[in-house]
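Close look at the chain arrangement
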Amino acid sequence: MHDKTIAQLAAGLKAREYSSEELTRAYLERIARLDPQLNSFITVTPELALAQARAADRLIAEGKAGPLTGVPLAQKDIFCTDGVRTSCGSKMLDNFTAPYDATVVTRFKAAGTVMLGKTNMDEFAMGSSNETSYYGPVKNPWDLAAVPGGSSGGSAAAVAARLAPGATGTDTGGSIRQPAALCGITGIKPTYGRVSRYGMIAFASSLDQGGPMATTAEDCALMLGAMAGFDPRDSTSVDRPVPDYTANLNADLKGLRIGLPKEFFGEGLDPEVAKVIDAAVAEYKQLGAEVVEISLPNSALAVPTYYVVAPAECSSNLSRFDGVRFGHRCENPKNLEDLYKRSRGEGFGTEVKRRIMIGTYALSAGYYDAYYLKAQKLRRLIADDFKRAFEQVDVIMGPTSPTVAFNIGEKTDDPVTMYLSDIYTIAVNLAGLPGMSVPAGFVGNRPVGLQIIGNLFDEARLLNVAHKYQQVTDWHTRVPHGFE
Ligand code: GLN
């Protein structure tokens, strides 16, 4: 059963080929047997999963099933889950059991899905390799020496290894797309405001956005349909109807205008990755698309801009973790200052501390204008580049990441090199646009992702463009050796 897509599993459940309980047991068995090699889950919730599965089976029996009823999924451990530990990959929240569900979790419950557990992630979603997790690194199922990408590396590895047919991720600067690319799966970061951030632990609030990760674009469409929509509890969530994302998956691509930004194909891009992307673009030409060379002239500013904006927002968001109300508290504090200092000093890891310090500095009185304000202006220029491009083209394509998965430990001593692995994804968050990664081939045994960027709220088109490609290629059906 685990080799099936969400769409196929939902159909099998409806046809009573198997029950949700059987399906859930099959995935739980795979997680127990195979995840010790990968470390893709922080918490597995078998009892809860089986109770939800039995409830789903009752709904199916009563003829009340929706499109996802009874389908098992995993949640990134950044989403609050009522009664279940929500660690955000940090020692700070190792002891935190959320007292409520994130809106995304509420919606998946309402859709009748089953939660298998909570997936591993970089600490507070800060990272590109999953190596900053307090719970240890996640291994890439395609090559256990390689990282799965990050920060949603646990979700990506779990889906790639078929330990769950789909999982949630969050993307602040690439954390859905980059791990999807490095693990050979499909993922979409929706337009900022499309999916509620309520109960999704905040990293950089003006950039964070939740989205689905699965093996196919069709499955992402099904999941996004359940996740998206206005939420009065998130003031940045957008009040706009949610289309049926599966309705246009098969629309013809004849005449589709694809923009290839020349800045995405220059220095820094591994030539082997470039070849894979060229082949994918050629496939689109076969499908009737036209290719236009475009320019996003401010692309080179995206990483430096992001590394002012994101740390600034994180330094503010993470100030709530003070050892007082929840989270880690040091032993025997001498006084209040000692309590703050030691609780935060012990609870946060190195990367998180680095960012809090950068952000606090950038926001401090004498430097605000020079850094934060300047970064906000650059952010506008970057967004304007895309605006101009979308007057000319329907979608933008390029590599998701400049290289395939690197080895565990390879970049941990050099944060700037690590930051560059998101060079093609970060601008999309700064502009608030939707972006997707689709499996497009391999370099050796390591997967390559094609990135597809769309205009605001154009998720349905991205999913259509990805789906048509998946009808004529089979990269998304490949399963890593040992996880068949
Ligand atoms: N890798 C980027 C960072 O470390 C993006 C992370 C993310 O999207 N959550 O900030």
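Quantities reported herein were computed from a predicted structural model and do not represent experimental measurements. (Residues numbered from 1 in each chain as written. Predicted model: local features only at pLDDT ≥ 70, side-chain atom pairs only at ≥ 80, totals over all residues. Heavy atoms only, no water.)

Brief notes about the packing of helix α4 (residues 103–110) against helix α7 (residues 217–227)
Here is the rule we go by: Where helices are involved, their axes are fitted lines through C-alpha atoms of the stretch in contact, as for all axes, and angles between N-to-C directions lie from 0 to 180°. Secondary structure elements follow DSSP: runs of H or I of four or more residues count as helices, runs of E of two or more count as strands, with numbering from the N terminus. Orientation is classified from the angle alone, with under 35 degrees giving roughly parallel, over 145 giving roughly antiparallel, 65 to 115 giving roughly perpendicular, and any other angle giving oblique. Here a residue-residue contact requires only that any non-hydrogen atoms of the pair lie within 4.5 Å. Ten residue types, Ala, Val, Leu, Ile, Met, Phe, Trp, Tyr, Cys and Pro, are classed as nonpolar, four, Asp, Glu, Lys and Arg, as charged, and the remainder, Gly among them, as polar.
Put simply, α4 and α7 touch, their axes get as near as 8 Å, and they point 110° apart. When the axis of α4 is compared with that of α7, the two are roughly perpendicular. Two secondary-structure elements touch here, α4 through Val104, Arg107 and Phe108 and α7 through Met223, Ala226 and Met227. Residue composition of the contact of α4 with α7, by class: 5 nonpolar, no polar and 1 charged.

A short note on the pattern of salt bridges
Close approach of charged atoms allows side chains with opposite charge to pair. To keep it simple, the criterion reads: Definition used for salt bridges: Asp or Glu carboxyl oxygen within 4 Å of a side-chain nitrogen of Lys or Arg. Working definition: with a 1.4 Å probe on protein chains only, accessible area under 20% of the residue-type maximum means buried, over 50% means exposed, and in between means partly exposed.
All chains considered together, the criterion is met by 23 salt bridges. Taking the shortest distance from any N to any O, the salt bridge between lysine 109 and aspartate 101 comes out at 2.7 Å. On the basis of relative accessibility, which here comes to 40%, the residue lysine 109 falls in the partly exposed class. Glutamate 351 is the partner of arginine 354 in a salt bridge, and the nearest nitrogen-oxygen pair spans 2.8 Å.

Examining the nonpolar core
We apply this condition: By nonpolar core is meant a set of buried Ala, Val, Leu, Ile, Met, Phe, Trp, Tyr and Cys residues that side-chain atoms within 4.5 Å join together.
Residues Phe124, Tyr284, Phe386, Met397, Met436, Ile452 and Leu463 are the most contacted members of the largest nonpolar core, which totals 134 residues. In terms of nonpolar packing, the next biggest core, distinct from the first, is built from 7 residues, Ala181, Leu182, Ala405 and Met418 among them.

Here's the deal with helix α11 (residues 350–363)
Counted only if it meets this: The span you would expect from a helix comes to 1.5 Å times its residue count less one.
In this model α11 runs 20 Å from its N-terminal to its C-terminal C-alpha over 14 residues, within 8% of the 20 Å that 1.5 Å per residue would give. If you follow the buried residues of α11, they end up packed against α9 (302–317), α10 (336–347), α12 (369–392) and α13 (415–419).

Topic: the packing of aromatic side chains
The criterion, for reference: Classification of ring pairs rests on two measures: the distance between centres of Phe, Tyr or Trp rings, Trp counted by its six-membered ring, which must be within 6.5 Å, and the angle between planes, read as stacked under 30 degrees, edge-to-face over 60 and tilted in between. Should the NZ of a Lys or the CZ of an Arg lie within 6 Å of a ring centre and within 35 degrees of the ring normal, that charge is described as sitting over the ring.
On inspection of all chains with the given rule, the structure shows 17 aromatic pairs. Considering the side-chain rings of tyrosine 307 and tyrosine 419, the 3.8 Å spacing of their centres and the 10° angle between planes classify their relative orientation as stacked. Here tyrosine 307 is found in helix α9, whereas its partner tyrosine 419 is found in helix α13, with 112 residues between them in sequence. We classify tyrosine 307 as buried; its relative accessible area is 11%. Relative to phenylalanine 326, the ring of phenylalanine 321 lies with its centre 5.8 Å away and its plane at 80°, an arrangement referred to as edge-to-face. Residue phenylalanine 326 is classed as partly exposed on the basis of its relative accessible area, which comes to 31%. Here a set of aromatic residues connected by ring pairs shows up, and it is made of Phe96, Phe124, Phe321, Phe326 and Phe348. Over the face of the ring belonging to phenylalanine 457 we find arginine 240, whose NZ or CZ atom lies 4.2 Å from the ring centre.

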